[in-house]
Structures are given as structure tokens and as C-alpha cells.
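Here is what each chain is made of, one letter per residue.
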Amino acid sequence: MTESGIKVAKFGGSSLADAGQFRKVKAIVEKDPQRRYIIPSAPGRRNREDEKVTDLLYQCYAETVSGGDYRSTLDKIRQRYQEIIDELGLALSLESQFEKIEQAFLEKAGEEYAASRGEYLNGILLADYLGYDFIDPACAVRFDRDGIFEDERTNFFLQECLGKTEHAVIPGFYGADDAGNIHTFSRGGSDVTGAIVARAVQADLYENWTDVPGFLLTDPGIVKDPKKIDVMTFGELRELSYRGATVLHEEAVYPVRREGISIHIRNTNHPEETGTLICSQIRPEDMVPVTGIAGKKNFTAISIAKNRMNAQIGFCKKLLEAFEENQISCEHLPSGIDTISVILSQQEFHSKEQQIMESLHRLLRPDKIEVDDDMALVTVVGKGMRSVCGIASRFFTALGDAGVNIKMIDMGSNEVNCTIGVSNRDFETAIRALYEALAQ
């Protein structure tokens, strides 16, 4: 990387939870002059008993709208920022911003506006501490009036805005429509802001600083001290993020992937560690069989049986139409000669169960429909799996030895992932068994 290169660095809520964390962030930023554009989240928890500022803002707004006593919650938020300002010895005052926020709450500006103020205030604070320009994303990150993100317009406005400054802090998580109404990405959306800023400035690297050493092979809440993955592809990251891995917001992949900008996940508390590099292609010598094991609970399997299903042209089209007309997305479609199963969110299914069943009977005229709730999906991801002989044997032997009954198997068409369906009660057991068998 050349001296003129650009790095965009996003810091998560735990990285900016208090004054001590702010000092770590400043040391990281100042160590590398290429870190020119910084994206902060709202302050996170300082300890297990603590509250995230974003959660306090949601609470404060709900209290305001309901006519409750919101002032104590607002004062708690105000004090949180003031403690950071005082400990850092800054001459900054956020009082005028808090007055505007209170007035906007009283005028019912909306939950998205309320949620965005944590990043907004933290951005002002961090910009003052670093001596960087502050750029409000409401001026550049564009949504339409329905809250749909407009990526090309955003890229245009960000390029115009950031082209005028060498160093800037741009709060994550939110933007605005043309009327000035605030809209947010889903929780964790500061990752997305970092990615779209990296695209706009054509960064050499997008750094995502958090409180973990990198991308872990599986959930540390299920497996103690799982291995870290040193390097992985965007495709593997996409699969794992969608399947439940939470280190990086899944929508943060697209803006940088198409521009060929790599993502580097780093640990704010241990900046000397190498973290995990995510890129388009990796060298064969860096490839490992398995890069991640992830999953989610609470799916429903709808099994449809009909004689000579395979001979009925358009059967699958009608099946998908039944879910399309009820605005329900499907996860998997494992099939046989006369049977096909649809795996979908249990919550979504039960919210429209009667309508879905009516559509299936009307469109398909099935011989039988069976519904199986409380299914968990566990996915093993790794581009290197296809080149390792016997890995499937290890996969299923491990589950059998652990007493896990497999309800569904779906091998991805790109041979990057294999997904199994198990009972919710076997979810953690399955992940631990697969880790022990495949992480060696």
C-alpha cells in the first residue's frame, strides 16, 4: 500500500463505550495516517450490567410519546456523553444538540430519528477529539421516502462531500430522505455506512474495529475459545453472515465487494493482533477446508407430497407462487420424486399460516401436507471443503456420535456450504460436534 492510500475505519459500540476506549481509538487512528475516514457507532455497554445508548434512546423516545417521565432517561444519556467529554478534557458542549433532540422527541420525530442520535452525538464527540471534520450522513446517505436505501445517489453525494475533506468522521447507521426525514439501516448498520464510505473514497482497505480478535470459526457462546480464521473470501463471509454469524452486518459486503476493496476485522483492545482479512480471492496455501460453522433456530418445514410430482410441469413455480402471494421468503427447498419440502421462518409461517395453507391447497392440490416446527439450521461453510476427501464422512459421523438426528440435508450448489436441519434442542450439540470434527 502506498503512502497516499486511504483506509476507512469503523469502530463499534464497544470500541467507543467510554473515555478509555476513545483513547484506544485515537491511538489506532493516529498510528496510521492512511486512516482518514472514521465511522463511529453509538456507545455500547461498558460492562454486562450496562445499557447501550441506542437502547436508552429507544426507551426515552417511547416514554416521550406515551407522555411518561422521559427526562430521567434523557439525563442518563446526557451524562454518559458528558463523562466521556470530562475524562478526555474536551471543551466540547453537546447541550444545544440535546435541546434539539428533546424538542424533536416531543414533536414525535420517529423511532428511527431517536435511534440515530447515538451515532450522531458520538460522531460530533469523536470528530472533536481527533480534530477531524464532522460530516452528518443525513446530508449524503440517501434513502427514499419509504426508507429504502439508494446506493447510487448515496455514492454520488458522498464522493462530492468527502472530496472536500482530507480527514472526516461520518457517523454510522443512518441517513435521510430528500425531505430530511431520518432513516436507519437495521441494527449493526454502522458496518454498512463504513462500506459505502469505503466505496465512495475508493479506499485501499476497509477496517472494521470491534471487540473480538477476528472472525471466529463458530459462536464463542457455544464453543469455548474457537479458532480464528486468518483470511476468507467475500462469498464465505456472505454465507456465514446470512446463517447467523454476527461479526459483520451482511449488507456491508456488497459496496466493497464490487469495488475489490478488502475488509479487515480488527480488535480495538488488541490492535497488535492480525485479525481476519476478507477479500475476493485467496491463495491456495491460505485456504482452509472450513471457515465457519453458524446457524439459527426456529424454522418450520412444510413437506408436500403429490403422486407423480416430477411429471407435472410448473409444479415448483406454483409452489413458490403460494409463498410469493403471501410475501414469505423460503430458505431451502429439498426435494424427492414425489415430495418437496419448504423451509421457512417459523415466526413468519405462523403469522400467515392459514393463508399459506389455503394457497398451497388451491395451487397444488397436494395429496398430503405435513408441518414440522422447531427446526434449527446449521451450516458449515468453506471453499476448501470440495477439495478434501472424506469431509462429509466426518461431518455425519460427528453428528451421529453426538446423538443428533438430521431432519434435512442441503448441499449448496456452489459447494461452499452444507446445511443440515436438526431439532432446536440439538442446535448447540450439533455445532459443538461439528466444530470438534472439522476444526482440526
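Below is a short write-up of the structure. Quick caveat, the model's predicted, so the values are computed rather than measured. (Residues numbered from 1 in each chain as written. Predicted model: local features only at pLDDT ≥ 70, side-chain atom pairs only at ≥ 80, totals over all residues. Heavy atoms only, no water.)

1. Quick notes on the overall build of the chain
The condition that has to hold: Each helix is a run of DSSP H or I of at least 4 residues and each strand a run of E of at least 2, with the numbering of both proceeding from the N terminus. Atoms considered for the radius of gyration are the C-alpha atoms alone. The globule rule reads 2.2 Å times the number of residues to the power 0.38. For each residue, the accessible area found with a 1.4 Å probe, counting protein chains only, is set against the maximum for its type, and the residue is called buried under 20%, exposed over 50%, and partly exposed in between. We call two residues in contact whenever any of their non-hydrogen atoms come within 4.5 Å of each other. Throughout, the Shrake-Rupley method with a 1.4 Å probe supplies accessible areas, and for residues the shown protein chains are the sole cover considered.
A count of helices and strands for the chain gives 14 helices and 17 strands. The globule rule puts the C-alpha radius of gyration for 440 residues at 22 Å, and the 24 Å found for the chain is close to it. Its C-alpha atoms put the chain at 75 × 55 × 40 Å along the principal axes. Each of the 440 residues in the chain was classed as buried or not, and the buried ones make up 53%. If you take every contact in the chain between residues at least 6 apart in sequence, the share linking residues at least 24 apart comes to 75%. When the accessible surface of the chain is split by element, carbon and sulfur atoms take 46% of a total near 20,200 Å².

2. Side note on the packing of aromatic side chains
Where two aromatic rings form a pair, the distance of their centres and the angle of their planes describe that pair. The criterion, for reference: Pairing of aromatic rings covers Phe, Tyr and Trp, the last through its six-membered ring, and needs centres within 6.5 Å; plane angles under 30 degrees mean stacked, over 60 mean edge-to-face, and all others mean tilted. Two conditions define a charge located above a ring, namely a distance within 6 Å from the ring centre to NZ of Lys or CZ of Arg, and an angle within 35 degrees of the ring normal.
One pass over the structure, following the stated rule, counts 11 aromatic pairs. Centre to centre, the rings of phenylalanine 105 and tyrosine 113 are 6.3 Å apart; their planes meet at 80°, and the pair counts as edge-to-face. You can call phenylalanine 105 buried: its relative accessible area is 2%. Joined through ring pairs, the aromatic side chains of Tyr61, Phe105 and Tyr113 make up one cluster. It is lysine 26 that lies over the ring of tyrosine 129; its NZ or CZ is 4.5 Å from the centre. Geometry around tyrosine 174 places arginine 117 over its ring, the cationic atom sitting 5.2 Å from the centre.

3. Here we look at the pattern of salt bridges
Selection rule: For salt bridges, the criterion is a side-chain nitrogen of Lys or Arg within 4 Å of an Asp or Glu carboxyl oxygen.
Enumeration over the complete set of coordinates arrives at 28 salt bridges. Between arginine 187 and aspartate 55 there is a salt bridge whose closest N-O contact spans 3.3 Å. One end of the pair, arginine 187, is in the loop between strand 6 (182-184) and helix 7 (190-200); the other, aspartate 55, is in helix 2 (residues 53-65), with 132 residues separating them in the sequence. For arginine 187, a relative accessible area of 42% corresponds to the partly exposed category. Under the relative-accessibility criterion, aspartate 55 is labelled partly exposed at 31%. Counted as one network, the salt bridges with shared partners bring together Lys7, Asp32, Arg35, Glu207 and Arg266.

4. Looking at the pairing of strand 17 (residues 417-423)
Going by this rule: A pair of strands is treated as paired once DSSP finds two or more bridges between them.
Counting buried residues along strand 17, seven of its seven residues qualify, which places the element largely inside the surrounding structure. Relative to strand 17, strand 15 (residues 368-381) runs antiparallel, the two sharing seven bridges. From the neighbouring strand, leucine 377 faces strand 17, where its bridge partner is glycine 421.

5. Here's the deal with the packing of helix 13 (residues 391-401) against helix 14 (residues 427-438)
Our working rule: Working convention: axes come from line fits to C-alpha atoms, limited for helices to the stretch in contact. Angles between N-to-C directions cover 0 to 180 degrees. Oblique is the label for every angle not falling under 35 degrees (roughly parallel), over 145 degrees (roughly antiparallel), or within 65 to 115 degrees (roughly perpendicular). Each crossing gets its hand from how the near helix is turned against the far one by less than a right angle, where anticlockwise is left-handed and clockwise is right-handed. Each residue gets one label: Ala, Val, Leu, Ile, Met, Phe, Trp, Tyr, Cys and Pro are nonpolar, Asp, Glu, Lys and Arg are charged, and the others, such as Gly, are polar.
Put simply, helix 13 and helix 14 touch, their axes get as near as 9 Å, and they point 140° apart. Our classification of the angle between helix 13 and helix 14 gives oblique. Along this stretch, helix 13 crosses helix 14, giving a crossing that reads as right-handed. Residues Ile391, Arg394, Phe395, Ala398 and Leu399 of helix 13 form the contact with helix 14, whose participating residues are Ala430, Ala433, Leu434, Ala437 and Leu438. Class assignment of the residues belonging to the contact of helix 13 with helix 14 gives a composition of nine nonpolar, no polar and one charged.

6. Examining the nonpolar core
Rule in force here: Among the buried residues, those of types Ala, Val, Leu, Ile, Met, Phe, Trp, Tyr and Cys that are joined through side-chain atoms within 4.5 Å form a nonpolar core.
Ranked by internal contacts, the top residues of the largest apolar core, which has 66 residues, are Val8, Tyr37, Leu162, Ile293, Val378 and Leu434. The biggest single contributor to this core is helix 14, with eight residues. In contact with isoleucine 293, not counting residues within four places along its chain, are Leu217, Thr218, Asp219, Leu240, Val378, Thr379, Val380, Ile431, Leu434 and Tyr435. Grouped together as the second largest cluster of nonpolar side chains are 45 residues, Leu92, Ala104, Ile124 and Ala138 included.

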